[in-house]
Amino acid sequence: MVRATTVALALITTMSISGCAPHVKEPESATQERARSYLAEDLANLMDSNGLVINPGDGSPRPIDTYSSAWLLTMMDDLGEKPALSAASLSEDEAARMRSLAAELPPTWRAWSWLVMANHGFPTSTDASNALTGEAWEKIVDEDDRALRLWVEDLASQQGVATMDAHEIDAAVPDASANSELGAPAAWRLHRVCDHRNLKCKAPALPSAPSKIPDIASVLELSASAELVHSGVEVNGYDGPTAVELAVASLKMLPDGNDIAAARLTRILVLENADTSTAKSYLARASDRRDPVTGLYRQHVDYQGTVAATYAARTALGPRFDDLVSTSTRDTVADLLAATDVAPSTRLQAIAVITPFGESSNPAHRAEIRDVARSLTGLDVPPDRASSVTELLLLLQDLGEQPTGVHFLPIPVTDETEETVARILLCALSGLIDNAEEILEYYADYLHELPERLDSNEPSSSTFIAELTLLDFLEIGDNPDLHSRLLNRVESRIGCPETPHLASRGISGAQGYDVLLTAQLVNTQIGMEAIGDHTD
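Predicted model, so just to flag it, every value in this text is computed and none were measured. (Residues numbered from 1 in each chain as written. Predicted model: local features only at pLDDT ≥ 70, side-chain atom pairs only at ≥ 80, totals over all residues. Heavy atoms only, no water.)

Novice: I'd like to hear about the overall build of the protein, residue by residue, with values.
Specialist: Helix and strand counts for the protein come out as 26 helices and four strands. Against the compact-globule benchmark of 24 Å for 536 residues, the protein has a radius of gyration of 30 Å, which places it well outside the compact range. The dimensions of the protein, computed from C-alpha atoms along their principal axes, are 95 × 50 × 45 Å. Total accessible area on the protein is roughly 24800 Å²; 49% of this is exposed by carbon and sulfur atoms. Here the protein contributes 40 positively and 80 negatively charged side chains, and the mean placements of these two sets differ by 4 Å. (Helix = DSSP H or I, 4+ residues; strand = E, 2+ residues; numbered from the N terminus. Rg over C-alpha atoms; globule rule 2.2 N^0.38 Å. Areas by Shrake-Rupley, 256 points an atom, 1.4 Å probe, with all protein chains shown as cover. Lys, Arg positive; Asp, Glu negative; His and termini not counted. Charge placed at Lys NZ, Arg CZ, Asp CG, Glu CD.)

Novice: Tell me about the pattern of salt bridges, and name the residues and values.
Specialist: Evaluated as defined, the whole model comprises 21 salt bridges. When the shortest N-O distance is used, the salt bridge between E227 and R264 registers 3.1 Å. Residue E227 is found in helix α10 (residues 216–229), and its partner R264 is found in helix α12 (residues 259–271); the two are separated by 37 residues along the sequence. Judged by relative accessible area, which is 8%, R264 ranks as buried. Taken together, the shared-partner salt bridges in this structure form one network comprising D78, E227, R264 and R267. (Salt bridge = Lys/Arg side-chain N within 4 Å of Asp/Glu carboxyl O. Buried < 20%, exposed > 50% of the residue type's maximum accessible area, 1.4 Å probe, protein only.)

Novice: Describe the environment of S361, and please don't skip the residues or the numbers.
Specialist: Checked against the element boundaries, S361 lands in the loop between α16 (344–354) and α17 (363–376). Taking C-alpha positions, S361 is 47 Å from M98, a pair spaced 263 residues apart along the chain. Contacts of S361, omitting those with residues within four sequence positions, involve I351, T355, R366, I369 and L399. Among the polar contacts listed, one links the side chain of S361 to the side chain of T355, at a separation of 3.4 Å. (Contact = heavy atoms within 4.5 Å. Polar contact = N/O pair within 3.5 Å; in protein donor to acceptor, adjacent residues only side chain to side chain.)

Novice: An account of α10 is needed here, citing residue identities and associated values.
Specialist: For α10, with 14 residues, the first-to-last C-alpha span of 20 Å sits near the 20 Å given by 1.5 Å per residue. Residues of α10 that are buried: S218, V219, L222, S223, A224, S225, A226, E227 and L228. As for α10, its buried residues are in contact with α9 (184–197), α11 (240–253) and α12. (Expected span 1.5 Å × (residues − 1).)

Novice: Pulling in residues and values, what's your account of the side chain of D514?
Specialist: Examined against the element boundaries, D514 turns out to sit in the loop between α24 (480–491) and α25 (515–522). There is a polar contact of 2.8 Å between the side chain of D514 and the backbone nitrogen of L516. With residues up to four places along the chain from it excluded, the contact list for D514 reads N55, A503 and R505.

Novice: Could you give an account of unusual backbone geometry, naming the residues involved and the relevant values?
Specialist: Despite not being glycine, N198 has its phi angle at roughly 55 degrees, a positive value. By secondary structure assignment, the location of N198 is in the loop between α9 and α10. If you check the backbone angles, N273 has positive phi at about 55 degrees while not being a glycine. Looking at the secondary structure, you find N273 in the loop between α12 and α13 (277–286). For N273, a relative accessible area of 71% translates into the label exposed.

The following block contains the structure:
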C-alpha cells in the first residue's frame, strides 16, 4: 500500500468525498463557448451515413494489400501505364504485415495476387507456389473454383511454380470446360487456358449477358462476357455500346476501394476501344494509397462511426451535441438497442446519445439504466473488473443514476495499471464509490505527486490526458508557471490537418486524432482553455 505522507493526507481533507466537485474556477463562458463551437464544426465533418461519429485508426500506414495491388496493376496494364515496382526497400516489418493481410485471402486468389506482382518484377513467385500448395487440387469440388484454380495454375506454369504438371492441367481443362452450368467468369478463364495451351475445348453454353450491373457478381459476368465475345465466343444479349454505357456509369459512382470492380469495368472499356477517362479518374484517386517505395497499394479502409465515439462527442459538446443528432442517428441507435447481444456500456452510451440534453430518458430506457445500477449495487470490484466497472459508474452518473455500496480494491500503480488507477480515482473523487476515503488514502502520495508528474512527463504519454482529468480536483495552489507549462503541453496534443481542434494521439499529429481523448480533454479546465484558444 502507498503510505500517505502528512502533506498528502492534508490534501485529502480538502476533498469532499460525497459528490465532490473539482476545486477550480468555471472556465470563462466565452472560452467554453468557443471551444465547443470549434469542436462542433470538427465533429460534424466526422458523421457517417448512419449518423454516428467516426473515430479513425492511429494514423499509421495501412499494410500493403496484395489483392488490391494485383487488380490495380492489371488495370494499369490495360490503360497502357507502366507500373514500376521495387522490393529492395521493403522493410521486414512491412513485408510481415503484407503477408499477414494476404493470408486472409483464399489460397487460389492469394496465389493469383502473388503471380501478378511477380509478373511486374516483384519476387513473389515462391509465395504463389506456397499458396497453391496449401489447397490440394483434389479437394476442390466447386466447378467455378476448379476453373479458377486451373486458370491460376496455368499462370503459375508460365513462371515455373505450378503445383500441377503440364499433363495434369491439359487433362483437367477440357473436362472442366465441358460443364454446361459454368458462369461466364469460369467459362472465360477456362477459354483463356484452352487458347494458351492449344487445347480442344467444348464451346461454353452461357447464360445471357446481364443488362444491369447492380453488384460485383454482375460486373464480373458482364466483363467475362466481353472477354469471350472479343475472343470469338458468342454470348446472347451482349451489346458492346450498352456494356460501355453501363461500365462508364458504374465507374463514375464507384466508391474508392472497389478495385476488382474498377479493374473489370476498365477491361470492358479497353476491349470496346472506348474512352477510359472514368477509369483513369478512379486510378488517380487510388494513387493516395500507393506506397512510393514499393509501387504497391495499401489497404483501403472505410471508417465507420461507432456508438462509443458518438457518445464521446456528446460528452465533448454538451448541449451542442443535440444539433448533431439526426434521424439516421436515432434509427441506427434504435436498431442497436433492439439487439440482445449488446454490452451494457454500449447500451448506456446509445441511450445517452438519443436522450436530449437536460431531459430524462424515456421510461423503458430509464428502467434499463436502473437495472444496470442495481447490478452494481453492493459490488466488491476485483482488479480485473476495475476498468469496466469504472466505465459503467461514469456512464450511470451521466444518466442520473448511482448504485450504492460499490467498493474497489486498491491496485498497485504500474505502467500497465496507471490508466485504470486514474479512472478509479476519478470515481472516488466524484463520490461514486463507498470506500472513496480508503482509495484516496491509498493513493495519497500518487495524487500529491500528480502535478509534478504531469509537469515532467511527455504529453504524448498514454496516461497524460487521463491524469489531467484528476488535476481539477486537487488544490495545487496559485502556480501560474505550472499552469502555463501544462497549457503548452496540452496545446501540443491539439490539432490535425483535417480536424484542427481535436486531440491527437501524439504530439506530432501523425498518429491521427482521437474523439475519445478529446472528450476527456475538453472536460478539464486546461483542456477547455487550450482548445478554446487554439488557432488553426
